Amino acid sequence: MKSLKDIYIFIGPPGSGKGSLSHLCKKSFGWAHLSTGNLCRQHIARMTDIGLQIDQAIKSGKLISDDLMIDMVNQWIKEVALSSQGIILDGFPRTVSQAKALDDLFSQKEFVDASVTIVSMNINDEQVINRLKTRLVCQNEACQAVYSFLPSQVSKGLTCQECKDVLIQRVDDNSDVVYERLKTYHHYADDLLVYYRNSVCKVIDLNVELPLDYVFKTFVESTGKST
Ligand SMILES: [Zn+2]
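Keep in mind that this is a model prediction, so the values were computed, not measured.

Analysis parameters
Residues numbered from 1 in each chain as written. Predicted model: local features only at pLDDT ≥ 70, side-chain atom pairs only at ≥ 80, totals over all residues. Heavy atoms only, no water. Helix = DSSP H or I, 4+ residues; strand = E, 2+ residues; numbered from the N terminus. Contact = heavy atoms within 4.5 Å. Pairing = 2+ DSSP bridges. Buried < 20%, exposed > 50% of the residue type's maximum accessible area, 1.4 Å probe, protein only. Salt bridge = Lys/Arg side-chain N within 4 Å of Asp/Glu carboxyl O. Donors = N, O, S within 2.8 Å, 3.2 Å for Na, K, Ca; no water. Tetrahedral: all angles 85-135°; square planar, octahedral: opposite > 155°, others 65-115°.

S.K.: Is there a simple way to explain the environment of Ile54 in this structure?
M.R.: Within the secondary structure, Ile54 is located in helix 3 (residues 49-59). Considered as a pair, Ile54 and His43 are eleven residues apart in the sequence and their alpha carbons are 8.3 Å apart. Filtering out sequence-adjacent residues up to four positions away, Ile54 remains in contact with Cys40, Ile44, Ile64, Leu68 and Met72.

Structural data, given as structure tokens:
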């Protein structure tokens, strides 16, 4: 029986290409990709138990608790990804306390053969801001494909290649909000990376300012896999 072998945790600011790189890994290796942001939005849209709790936390201005996030990730892995060769966690953990909770989850017997690799995706803040200005996402909650355009290509009425639904800008990609998101990101990610660099996990540093195909090639080489 196949079992989960490789767990990759992508740590990078919004707009660093976590989704695009994940998409290539999914296509090339059949890995499962968990974007916790997308999963939260799906749970809310479907009004699941978890979704209702997340919705309530957001509406009351609270952070989603670590326990709730871990429950959601655990449920996803067990329902979707336990038979995958590899999985990518994108957007989780964000804090050291979430990382510790995740360590506890991975110490369970289902994960005895799995190895955890941290992928630190490095990009300058100015580049992030420029990228997010031209990033559009599919409005279909079940799809949420992400597209990067050149400024001259952005126009109204662009549609998704996967599902033909309409592409929109995410409200939190608007530049005022982006500065806040970057500040929050650095606040937590710096500690998180220190935590992982002092752990038994392998940490890969990836320069993601370069074109995506080059980033993918470098990533694959650093994992020791071949396409
Ligand atoms: Zn779509």
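S.K.: Is there a simple way to explain the sheet that holds strand 5 (residues 135-138) in this structure?
M.R.: Each strand in a sheet pairs with another by means of backbone hydrogen bonds, the pair being arranged parallel or else antiparallel. Strand order across the open sheet formed by three strands is 6-5-7, with antiparallel pairing between neighbours. What marks the edges here is a single partner per strand, and that holds for strand 6 (146-148) and strand 7 (167-168). Sheet topology note: the strand 5/strand 6 ladder contains three bridges and is antiparallel. Each bridged residue has a counterpart across the sheet, and for Leu136 the counterpart in strand 6 is Tyr147.

S.K.: Which parts of the structure should I look at to understand the side chain of Ser22?
M.R.: If you trace the backbone, Ser22 turns up in helix 1 (residues 18-29). Note on Ser22: relative accessible area 1%, which makes it buried. Once residues within four sequence positions are removed from consideration, Ser22 is found in contact with Phe10, His33, Ile88 and Asp90.

S.K.: Explain the pattern of salt bridges to me, please; I cannot follow it from the model alone.
M.R.: If the charged atoms of two oppositely charged side chains come close together, the side chains can form a pair. Considering all chains together, one arrives at seven salt bridges under this definition. Residues Asp55 and Lys59 are paired through a salt bridge, measuring 2.8 Å at the closest nitrogen-oxygen approach. You can see Asp55 and its partner Lys59 sitting in helix 3, four residues apart, about one turn around the helix. Among the residues examined, Asp55 registers a relative accessible area of 22% and is labelled partly exposed. Sharing partners across several salt bridges, the network here consists of Arg135, Asp173 and Arg181.

S.K.: Honestly, the coordination of the zinc ion in this entry has me stumped. Any pointers?
M.R.: At the metal site, the zinc ion is ligated by Cys138 (SG), Cys143 (SG), Cys160 (SG) and Cys163 (SG), and these contacts range over 2.3 to 2.4 Å. Around the zinc ion sit four donor atoms; with metal-centred angles ranging over 95 to 116°, the donor geometry is tetrahedral. Each donor residue of the zinc ion belongs to the same chain, and together they define the spacing C-x4-C-x16-C-x2-C. Its relative accessible area of 1% is what places Cys160 among the buried residues. Residue classification places Cys163 among the partly exposed positions, given a relative accessible area of 29%.

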